[in-house]
Amino acid sequence: LQVEPAVQGDGGRRPSLSPVYRHVWSQDGFPRAPFGAATSYDLWRNSVQRQGPAPCLAWRIATQDGKPGPFISISYDETERQVELLSAGLAAAAGLRAGERVAVYAANCPEWMLVLQACNRMNYVCVPVYDTLGRDAVQYVVNHSGRTCSSSSSGTIAAIASSASHEANSVAVTDGEVKDAMRPRVRCTTYTELLELGMRAGAVPPPQPPRPRDLTTIMYTSGTTGEPKGVQLPHSAVVATIASLAAALEHYNEQVRPGDSMLSYLPLAHIFDRVSEETCLAAGGCIGYWSGDVTRVGEDAVAFKPTVFIGVPRVYDKFFETVQERLAQVHWLRRSIFQAMYDRKLAVLRGGARPDAATLRLIVFGRVRRGLGGRLRLVVSGGAPLSYRVEEFLRVTLGCPVSQGYGLTETCAASFLQNPYDCAQAGSVGPPLLCTEFRLRSVPDMGYLAEGGGEMSQMPAGELLLRGPQLFTGMYEEEEEVHDPRRGRWFCTGDIATLRPDGSLEIVDRIKNMFKLSQGEYISPEHLEAVYGEAPVVEQIWVYGDSRKPFLVAVVVPKLREVLPLAGKMEIIAPGAPAAAAAAAAAAKAIGRVNHLRGFEIVRAVHLVPEPFSPDNGLMTATLKLRRPMLLRRYRREVDEMYEQ
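Basis of the calculations
Residues numbered from 1 in each chain as written. Predicted model: local features only at pLDDT ≥ 70, side-chain atom pairs only at ≥ 80, totals over all residues. Heavy atoms only, no water. Helix = DSSP H or I, 4+ residues; strand = E, 2+ residues; numbered from the N terminus. Buried < 20%, exposed > 50% of the residue type's maximum accessible area, 1.4 Å probe, protein only. Contact = heavy atoms within 4.5 Å. Salt bridge = Lys/Arg side-chain N within 4 Å of Asp/Glu carboxyl O. 1 Å grid on protein atoms, 1.4 Å probe; cavity = no way out; pocket = protein on both sides within 12 Å on 5 of 7 lines; lining within 4 Å. Points joined across faces, edges and corners; volume = space filled by probe spheres on them. Nonpolar A, V, L, I, M, F, W, Y, C, P; charged D, E, K, R; others polar. Pairing = 2+ DSSP bridges. Axes fitted to C-alpha atoms, helices over the stretch in contact; angles between N-to-C directions. Phe/Tyr/Trp six-rings, centres within 6.5 Å; stacked < 30°, edge-to-face > 60°. Lys NZ or Arg CZ within 6 Å of the ring centre and 35° of its normal. Polar contact = N/O pair within 3.5 Å; in protein donor to acceptor, adjacent residues only side chain to side chain. Patch = residues over 30% accessible without salt bridge, like charges linked within 9 Å, V, L, I, M, F, W, Y side chains within 5 Å. Areas by Shrake-Rupley, 256 points an atom, 1.4 Å probe, with all protein chains shown as cover. Lys, Arg positive; Asp, Glu negative; His and termini not counted. Charge placed at Lys NZ, Arg CZ, Asp CG, Glu CD.

A.B. asks: An account of the overall build of the protein chain is requested, with residue identities and associated values reported.
C.D. replies: Looking only at helices and strands, the protein chain has 17 helices and 27 strands in total. A buried classification covers 58% of the 645 residues belonging to the protein chain. For the protein chain, restricting intrachain contacts to residue pairs at least 6 apart in sequence, the fraction spanning at least 24 positions comes to 65%.

A.B. asks: Let's hear about the pattern of salt bridges: which residues, and what values?
C.D. replies: Inspection of every chain in the model, using the stated rule, returns 28 salt bridges. Between Arg389 and Glu534 there is a salt bridge whose closest N-O contact spans 4.0 Å. With Arg389 in helix α13 (residues 388-397) and Glu534 in the loop between α14 (525-532) and β25 (538-545), this residue pair connects regions lying 145 residues apart in the sequence. The partly exposed category is assigned to Glu534, whose relative accessible area is 29%. Across the salt bridge formed by Arg395 and Glu391, the nearest N and O atoms sit 3.2 Å from each other. In this pair, Arg395 and Glu391 both sit in helix α13, four residues apart, roughly one turn of the helix. In terms of burial, Arg395 and Glu391 fall into one category: buried.

A.B. asks: Account for empty space enclosed by the protein, naming residues and giving values.
C.D. replies: Per the counting criterion, the structure on display carries one cavity of 30 Å³ or more. Here the largest cavity defines a volume of roughly 50 Å³. Taken together, Ser40, Leu43, Trp44, Ser47, Gln117, Glu278, Leu281 and Ala282 form the lining of the largest cavity. Listed by contribution, the elements that provide at least two residues to the lining of the largest cavity are α1 (40-51) and α8 (271-282). In terms of residue count, α1 provides more of the lining of the largest cavity than any other element does, four residues in total. The class makeup of the residues in the lining of the largest cavity is four nonpolar, three polar and one charged.

A.B. asks: Provide a residue-level description of the sheet that holds strand β27 (residues 603-608), including the pertinent values.
C.D. replies: If you trace the three strands from one edge of the open sheet to the other, you get β25-β26-β27, paired in mixed fashion. Both outer strands of the open sheet, β25 and β27, are each paired with one neighbouring strand and no more. Geometrically, the sheet is characterised by an average inter-axis angle of 25° between neighbouring strands, direction not taken into account. Here β25 pairs with strand β26 (residues 552-558) via seven bridges, running antiparallel. By the bridge assignment, Val538 is partnered in β26 with Pro558. Across the sheet, helix α17 (residues 628-644) is in contact with β25, β26 and β27; its angle to β25 comes to roughly 75°.

A.B. asks: Explain the packing of aromatic side chains residue by residue, including any values.
C.D. replies: Counted by the stated rule, this structure contains 16 aromatic pairs. Three or more aromatic residues link up through ring pairs in this structure, and these residues are Phe319, Phe320, Phe338, Tyr342, Phe365 and Phe393. The ring of Tyr635 has Arg634 lying over it, and the distance from NZ or CZ to the ring centre is 6.0 Å.

A.B. asks: Please set out the side chain of Glu278 residue by residue, giving values where relevant.
C.D. replies: Turning to its location among the elements, Glu278 is positioned in helix α8. Polar side-chain contacts of Glu278 include one of 2.9 Å to the side chain of Arg274. Once residues within four sequence positions are removed from consideration, Glu278 is found in contact with Ser40, Leu116, Asn120, Val238 and Ile242.

A.B. asks: Tell me what's going on with a positive patch on the surface, and back it up with residues and numbers.
C.D. replies: Positive charge collects at one region of the surface, where Arg326, Arg334, Arg367 and Arg370 lie side by side. The topology assignment puts Arg326 in helix α10 (residues 313-329).

A.B. asks: Account for the pairing of β26, with residues named and values stated.
C.D. replies: In terms of residue burial, β26 counts as a mostly covered element, since seven of its seven residues are buried. Going residue by residue along β26, you find Leu552, Ala554, Val556 and Pro558 tucked away on one face and Val553, Val555 and Val557 tucked away on the opposite face as well. Taken together, β25 and the strand that follows it, β26, pair antiparallel across an intervening segment of six residues. Relative to β27, β26 runs parallel, the two being bridged by five bridges.

Rendered as structure tokens:
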């Protein structure tokens with residue numbers, strides 16, 4: 001639905017702008033949260049009142065041999081009682097007042113959510129800290145946010161304690177014991193001690209309900225360059241996002257409802273999981289917290305049997321690759337039957353059938369579905385573009401709706417969402433959610449025009465600008481960057497999108513990582529990495545171009561099972577040998593030509609490395625985006641050698 005007209009550029013400094021669009025379902029206004037909720041505290045209070053004895057939070061208890069046991073849970077009523085005691089304990093231990101900040105530095109666990117709900121109840125500001133950040137970044141976030149109190153796990157308390165200033169009031173530990181050596185530096189208490197302190201305090205302090213424009217969180221972006229920045233999100237933004245998601249799913253005849261369950265394993269310190277969990281709880285569902293081991297997420301899913309599953313493309317890529325590896329090991333007849341049924345179901349889905357139709361729950365896909373618990377009825381991907389091939393695979397094999405979305409920390413995670421029943425939207429992020437308005441701004445240097453007809457896309461394309469009540473209010477302690485949705489100001493995402501005829505958007509490029517080669521041609525490395533990532537030999541890839549050189553090079557983490565047979569024809573063994581790199585480069589060039597890349601976009605040289613890019617080694621952010629300056633620092637010698645050769 002067009003709500004404002006296009007703006008023509010002047011052919012120079014001012015680029016053209018597309019019309020302003022919103023979803024047609026919002027033509028009479030943005031949706032509101034159910035039961036009059038205006039803050040995160042309202043959402044939680046409504047769920048407690050309505051769901052009471054229903055399961056709320058679940059986790060696995062270790063068995064005698066130290067392995068994760070079955071899930072156990074506590075009800076909404078029991079969770080609320082712990083939130084009340086925790087509120088009393090925090091008030092008694094730290095003397096917190098409304099508006100003061102509480103840092104949370106831990107992996108996902110029930111205590112994380114309890115602290116968050118206590119913050120919402122007492123109008124404290126929750127400051128999440130990624131548990132994969134290095135010590136320097138943790139120290140920066142803890143000190144920059146000016147937090148008054150911190151909650152951490154026993155595995156992360158040392159980093160918090162070493163970061164704390166002498167004025168800090170206390171550190172609450174979610175599990176384990178506090179080493180005596182830490183107590184002189186910071187007043188420490190365990191989570192259990194806080195609850196006991198709350199019980200001894202007598203009367204539970206009355207709630208201090210926040211106002212809609214009060215901050216619920218300062219969420220630090222992991223940052224691909226420089227220091228993390230604190231994104232200020234008010235209660236109104238979280239509520240608008242949840243209301244928008246609920247309304248969109250209802251229009252698609254799909255809802256998160258009481259009795260649903262979701263596995264929590266993506267970082268709660270990231271807005272994607274945070275909003276997903278609050279959406280589930282607002283609907284009366286149950287959150288099951290993982291065992292903390294990334295290699296056991298599949299085991300946790302099988303044990304918990306969630307009905308809703310959220311993930312980032314890296315998770316689904318691994319799931320897809322695991323299934324493909326297992327298929328390669330079965331008898332050729334079974335593999336042929338699987339492929340025949342796959343092709344048949346894909347054709348039926350493309351014809352408009354629902355993926356959860358009983359007639360399409362083919363037994364041949366049963367084992368794939370059971371790999372994520374066997375009860376899924378909604379799967380959502382976000383955080384980065386999901387490849388068309390993997391999205392198609394999920395739709396066919398999981399027997400439930402699959403939807404890809406788009407959003408940023410600054411937009412409270414959810415700005416666009418596919419129709420989960422429309423296969424034609426595969427490869428896109430869908431239409432705008434019901435609290436989002438958007439427009440496109442031409443980027444002529446990159447070949448994208450808001451009116452369409454650009455060199456890179458005939459469809460309307462350009463930088464994506466967003467507006468709506470779900471936006472952040474600014475960066476913490478950077479007042480000049482305030483974005484107040486009440487003033488109708490636009491947030492510039494830095495992402496390049498194309499507008500499809502059906503109203504869905506496809507994210508195709510990125511402005512901020514763009515660079516020029518020596519001949520003056522612009523390069524978008526993220527677009528090229530997505531293309532080259534389709535090569536069977538590529539596990540991960542970083543594309544680099546020196547602006548003084550006329551061609552590109554790349555550092556690749558290979559799939560050894562794919563690259564070694566190719567390189568083996570050249571009688572080599574080591575995956576880092578020149579012949580292996582040549583084989584990987586040839587495969588990358590082939591996939592580039594298939595995708596009609598221009599000559600200067602073809603990678604000329606490849607260096608293979610055995611160590612994956614990850615947050616642990618500082619080469620990726622906590623949301624699995626490449627940290628390009630760190631990659632260049634790590635592989636500067638190899639890059640220089642590729643150019644010399």
